[in-house]
Amino acid sequence: MPTVVEAINELALLTVADEEHDDTYGRNLFPHWSTVSGTCNTREEVLKRDGQNVVVNDSCTAVSGTWVSPYDGGVWTAASDIDIDHMVALKEAWRSGAHAWSPAQRRAFANSLGDTQLWAVTDHVNQAKGDKDPSDWKPPLAGFHCDYARSWIDVKHDWQLTLQEEEKEALEEMLATCTPAG
């Protein structure tokens, strides 16, 4: 994740533009939960990465572990209570430039383990977020706003996605909550 200064610099480089192609989005345009290795898919890899003491069965399904959701601080011991959130929702990405990507680029985005795009979070909190950007939704845990903004900006920057003026303003407000060492 970028430092606060890096996030501020990345935010300045993002193009502000109106969202497009909202009516042509379909979740199936972003194939997700691809096989990563053996029987483990992207979802299962994030559960293992973000959990503590995660035990998986032969099918790579998490059968026990503990997960702490950064969005709300919820502590969960059942993987079924956890959603894997796309920091920048798939529909938000579509409206911000992914509509012009190839199917392979969309698959890579939906399964990206090399950046901060995927997070294990409380399921109902993720469902409340939906496809909203930071101008319409922020994590309930105010102490996570700085990291949320840094991650959001980094994903948009890395994937060369646009953002709206209101979204940029909300991100600036969240960055203002960061501690100097953030």
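Refer to the structure above for everything that follows.
Let me sum up the structure you'll find in this document. Since this is a predicted model, take the numbers as computed values, not measurements.

**Describing the overall build of the protein**
Step number 1: Each helix and strand counted, the protein has 7 helices and 7 strands in total.
Step number 2: Rg of the C-alpha trace for the protein: 16 Å, near the compact-globule value of 16 Å for 182 residues, within the 12% margin.
Step number 3: Projected onto its principal axes, the C-alpha positions of the protein cover 45 × 40 × 25 Å.
Step number 4: Here the protein holds 182 residues, and 48% of them are scored as buried.
Step number 5: Within the protein, contacts between residues separated by at least 24 positions form 70% of all contacts whose residues are at least 6 apart in sequence.
Step number 6: Surface summary for the protein: the accessible area is close to 8,600 Å², and the carbon and sulfur share equals 49%.

**Side note on the nonpolar core**
Step number 1: Judged by nonpolar contacts, the single largest core of 33 residues is most densely connected at Tyr71, Phe109, Tyr148, Leu161 and Leu171.
Step number 2: Only helix H1 (4–13), helix H3 (90–95), helix H4 (103–110), strand S7 (118–122), helix H6 (145–158) and helix H7 (165–175) provide two or more residues apiece to this core.
Step number 3: Here this core takes 6 residues from H6, the largest share from any one element.
Step number 4: Residues contacting Tyr71, with those up to four places away along its chain left out, are Asp85, Met87, Trp119, Val121, Val125, Lys129, Trp137, Pro139, Pro140, Leu141, Phe144 and Tyr148.
Step number 5: Counting 9 residues, the second largest nonpolar core, distinct from the first, contains Leu47, Trp67, Ile82 and Ala120.

Reading the values: rules and limits
Residues numbered from 1 in each chain as written. Predicted model: local features only at pLDDT ≥ 70, side-chain atom pairs only at ≥ 80, totals over all residues. Heavy atoms only, no water. Helix = DSSP H or I, 4+ residues; strand = E, 2+ residues; numbered from the N terminus. Rg over C-alpha atoms; globule rule 2.2 N^0.38 Å. Buried < 20%, exposed > 50% of the residue type's maximum accessible area, 1.4 Å probe, protein only. Contact = heavy atoms within 4.5 Å. Areas by Shrake-Rupley, 256 points an atom, 1.4 Å probe, with all protein chains shown as cover. Core = buried A, V, L, I, M, F, W, Y, C linked by side-chain atoms within 4.5 Å.

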